[in-house]
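Residue-level structure breakdown
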Amino acid sequence: MIIRNGGADRLPSENPSSDDRDDLDYRERLPRVRVVPRIRSLCSLGTVRRRVHVLQWLPKYRVQYLLSDVIAGVTVTLTAIPQSIAYGILANLEPQDGIYSNLVGCFMYFLFGSVKDVTVAPTSIMAIMVQGVVLRLGPGAALLTLLAGAVTFLFGVLNLGFLVRFISMPVITGFTTAACLTIGSAQLRSLFGISSKGKGSDFIDAWENVIHNIGQTRLWDTLLGFSSIAFLVIFRLTKDCGRGKWKVFFKYLSLLRNALVVIIGASLAYAFSLEGIEPFKLTGHVEPGVPPFHVPPFSITNNGTHYAFGDMISVMGTSIITIPLVSILEIISIGKAFSKEKIVDATQEMIALGMCNMAVAFTSPLPVAGSFTRTAINNSSGVRTSLGCAVTSSMLLLALALLTDAFYFIPKATLASVVISAMIFMVDYRGIAEIWRVKKLDVIPLVGTVIACLLLGLDYGILIGTAINCCFLLYLISAPTITMETILLDSSCHTLLVRPASDLTFSSAEYLRDRITRVVAEAYEAPIDVVVLDGAGVNFVDTTVAKNLLCVETDLRAKEVGLVLWRWSRATAGALVRLDRNFLPLLRDDKELGEVVRGWREV
């Protein structure tokens, strides 16, 4: 209770009792921040055990889990190899760079990851977001991966995962749609066998390059590419066909479709090479062996241009923030999708992802994120623990040692078909339909995000889409729902009952004042006697609101209209009283509106 009924006009006496002092104590109670205990807890052995997640589940590991984890790890590898090579090329890197990222990322997630199903790997979105930086900085783009990992890790340590909440579903859907269009467009050159790289791999540049160089189209590359797409789409759609053993057959055929199409394409290319014929553009040499260790450079000379550290940061631009945000969004959403009823520790996932990218930066410039496709394969293969990631990492290392000669013959058109077919199913068609059906206003940030991503790039696009959404949010905050009702009490007292439905901040202060003033001024036939401002739904006010309420009281007093603040909590009332103690007589905590008005009239 703020002030006892009937005592709203009571002022503090010279020697107030303890109860009086408690009732009139409106000092702001700030939260206590205990820095030293917090630092000690972060540096404790318990924190290390909790954050290096393998230390939690490995001691409890059972031998019967091993076969499931090995099968899942090997199955994921068969998809990871072609996709990693394809995403390495998509990012303007060497084919092996994609495998290096996958290998190191998987191993680090095995140590730190908390969701057994999640597989961390290079993704199409990560590849397309770094390709521009790679084009200008070359190997120096590894610094972007290092900084993005450090930012992600810092987000986890500081519990800043709430920032992802500002990216709404329409913005996510728009970003994903634009990313699919951009990535698919960037693969058209390889699909048609066009040699010209064009100005870049952005949506407009990719289409401009294809249109201007359509005469370079190679027939055999085009046939192989479109046949591979048809093969991949058909086997994706038939994954649930059949019954009994046939259902299991089609299921695993669908899971292995990427590996199969790559094996078929590489076999065709190898068979033609024995006859001295090379009808397809091939991946070429893939460096064998263990990933080399390189410290990310803080200055670099690429294509005759020297970039100091500041120049490199300038080239990276907003990617230093957008890559962590997008990768965090991916891994948390994927973790929630496959963790079933278990709660996903967002802080742990951000720390794990940050550690993955910081480690990847020492072997490859291509950052990693949660891969939906490979996570789905991991889950459907029956993985039991994160050891599946360690198996995948080991198999990739084995492939680098033994299979790099076979990688040479993989046609680029086949890799392009793997990426394009993945993009076809990555677009959230159902999500777009739901947005249109549920709230058509959400189409604005969706379309705005798509257009901005396609015209300006994915990193700027997601920022612009989020800004559009935040404008809607700011409008709702600045114009909160306020119900106003004129009530006649005691046959003579016209009362205006004002009920804000949410908290009041500086952006809504003028709006509240204008609404009250306008209604009072327009009440000609039945002039308002008293305005009762019900604060039951208000849990926060700031200085601007307090100042405006003081002006409201002054304006109403000039018109001989009373003001009563009813059912305000101690925290919100305290903010007003700390500005001006003249608010004290206005505060009441009666149970009924009639009691409030009678108490006001008695004063």
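Just above, that's the structure.
This write-up is about the structure you can find in this document. (Residues numbered from 1 in each chain as written. Predicted model: local features only at pLDDT ≥ 70, side-chain atom pairs only at ≥ 80, totals over all residues. Heavy atoms only, no water.)

1. So, the overall build of the chain
Assigned secondary structure in the chain consists of 28 helices and nine strands. Here the C-alpha radius of gyration of the chain, 32 Å, is well above what a compact globule of 603 residues would show, namely 25 Å. With the C-alpha coordinates aligned to their principal axes, the bounding extent of the chain is approximately 105 × 60 × 55 Å. Within the chain, contacts between residues at least 6 apart in sequence are counted, and of these 79% link residues at least 24 apart. About 29,300 Å² of surface is accessible on the chain, with carbon and sulfur atoms providing 62% of the total. Charged side chains of the chain number 54 positive and 49 negative; the gap between the two group centres comes to 9 Å. (Helix = DSSP H or I, 4+ residues; strand = E, 2+ residues; numbered from the N terminus. Rg over C-alpha atoms; globule rule 2.2 N^0.38 Å. Contact = heavy atoms within 4.5 Å. Areas by Shrake-Rupley, 256 points an atom, 1.4 Å probe, with all protein chains shown as cover. Lys, Arg positive; Asp, Glu negative; His and termini not counted. Charge placed at Lys NZ, Arg CZ, Asp CG, Glu CD.)

2. Looking at empty space enclosed by the protein
Counted under the stated rule, the structure contains one cavity of 30 Å³ or more. By volume, the largest cavity is sized at about 40 Å³. Lining the largest cavity are Ala 86, Ile 89, Gln 187, Ser 190, Lys 412, Leu 415 and Ala 416. When contributions to the lining of the largest cavity are tallied by element, the ones reaching two or more residues are helix 5 (66-90) and helix 21 (412-426). With three residues, the top contributor of residues to the lining of the largest cavity is helix 21. Grouping the constituent residues of the lining of the largest cavity by class yields four nonpolar, two polar and one charged. (1 Å grid on protein atoms, 1.4 Å probe; cavity = no way out; pocket = protein on both sides within 12 Å on 5 of 7 lines; lining within 4 Å. Points joined across faces, edges and corners; volume = space filled by probe spheres on them. Nonpolar A, V, L, I, M, F, W, Y, C, P; charged D, E, K, R; others polar.)

3. Topic: the side chain of Asn 209
Here Asn 209 lies in helix 11 (residues 203-212). Exposure remark for Asn 209: the relative accessible area of 6% places this residue in the buried category. Within polar-contact distance, the side chain of Asn 209 engages the backbone oxygen of Ser 196 at 2.9 Å. Sequence-distant contacts of Asn 209, that is, excluding residues within four places in its chain, are made with Arg 189, Ser 196, Lys 197 and Gly 198. (Buried < 20%, exposed > 50% of the residue type's maximum accessible area, 1.4 Å probe, protein only. Polar contact = N/O pair within 3.5 Å; in protein donor to acceptor, adjacent residues only side chain to side chain.)

4. Details of the nonpolar core
Core analysis: the largest hydrophobic core is formed by 101 residues, its most contacted members being Tyr 109 and Met 129. Grouped together as the second largest cluster of nonpolar side chains are 31 residues, Ile 516, Val 541, Val 545 and Leu 584 included. (Core = buried A, V, L, I, M, F, W, Y, C linked by side-chain atoms within 4.5 Å.)

5. Some remarks on the sheet that holds strand 6 (residues 493-500)
Sheets are built from strands paired through backbone hydrogen bonds, the pairs being either parallel or antiparallel. Taking strand neighbours across the sheet as the criterion, the five strands line up as 5-6-7-8-9 in an open arrangement whose pairing is mixed. The open sheet has two edge strands, strand 5 (482-489) and strand 9 (587-588), and neither has a second partner. As paired strands, strand 6 and strand 7 (residues 530-534) are joined by four bridges and run parallel to one another. Bridge pairing in strand 7 links Leu 496 to Val 531. Relative to the sheet, helix 25 (residues 506-522) contacts strand 5, strand 6 and strand 7, its axis offset from that of strand 5 by approximately 35°. (Pairing = 2+ DSSP bridges. Axes fitted to C-alpha atoms, helices over the stretch in contact; angles between N-to-C directions.)

6. What about the pattern of salt bridges?
Scanning the entire structure with this criterion turns up eight salt bridges. Asp 221 is paired through a salt bridge with Arg 218; the nearest N and O atoms lie 2.6 Å apart. For Asp 221, a relative accessible area of 0% gives the class buried. Between Arg 588 and Asp 590 there is a salt bridge, with the nearest N and O atoms lying 2.7 Å from each other. Salt bridges sharing common partners tie together Arg 499, Asp 534 and Arg 567. (Salt bridge = Lys/Arg side-chain N within 4 Å of Asp/Glu carboxyl O.)

7. Let's talk about the packing of aromatic side chains
Enumeration according to the criterion identifies 14 aromatic pairs in this entry. Ring plane angle 40° and centroid distance 5.9 Å describe the contact between Phe 107 and Phe 110, whose orientation is recorded as tilted. Within this pair, Phe 107 and its partner Phe 110 are both found in helix 6 (residues 95-112), separated by three residues, close to a single helical turn. Using a relative accessible area of 38% as the deciding quantity, one classes Phe 107 as partly exposed. With a relative accessible area of 11%, Phe 110 lands in the buried category. The interplanar angle of 50° and the centroid separation of 4.5 Å between the aromatic rings of Phe 231 and Phe 235 together place this pair among those described as tilted. Taken together, the residues span about one helical turn, with Phe 231 and Phe 235 both in helix 12 (residues 219-237) at a distance of four residues. (Phe/Tyr/Trp six-rings, centres within 6.5 Å; stacked < 30°, edge-to-face > 60°.)

8. Some words on helix 24 (residues 458-478)
Here helix 24 contains 21 residues, and its C-alpha end-to-end distance of 30 Å stays within 8% of the 30 Å for a straight helix at 1.5 Å per residue. Listed as buried for helix 24 are Leu 458, Asp 459, Gly 461, Ile 462, Gly 465, Thr 466 and Asn 469. (Expected span 1.5 Å × (residues − 1).)

9. Brief notes about the pairing of strand 7
Judged by how many residues are buried, strand 7 sits mostly within the fold: five of five residues are covered. A two-sided burial pattern is seen for strand 7, the buried positions comprising Val 530, Val 532 and Asp 534 on one face and Val 531 and Leu 533 on the other. For the handedness criterion, the β-α-β arrangement of strand 6, helix 25 and strand 7 is classed as right-handed. With five bridges connecting them, strand 7 and strand 8 (residues 562-566) associate as parallel partners. Across the sheet, Leu 533 pairs through a bridge with Leu 565, a residue of strand 8. Crossover handedness for the path strand 7 to helix 26 (residues 543-558) to strand 8: right-handed. (Right-handed = clockwise from strand over helix to strand, strands pointing away.)

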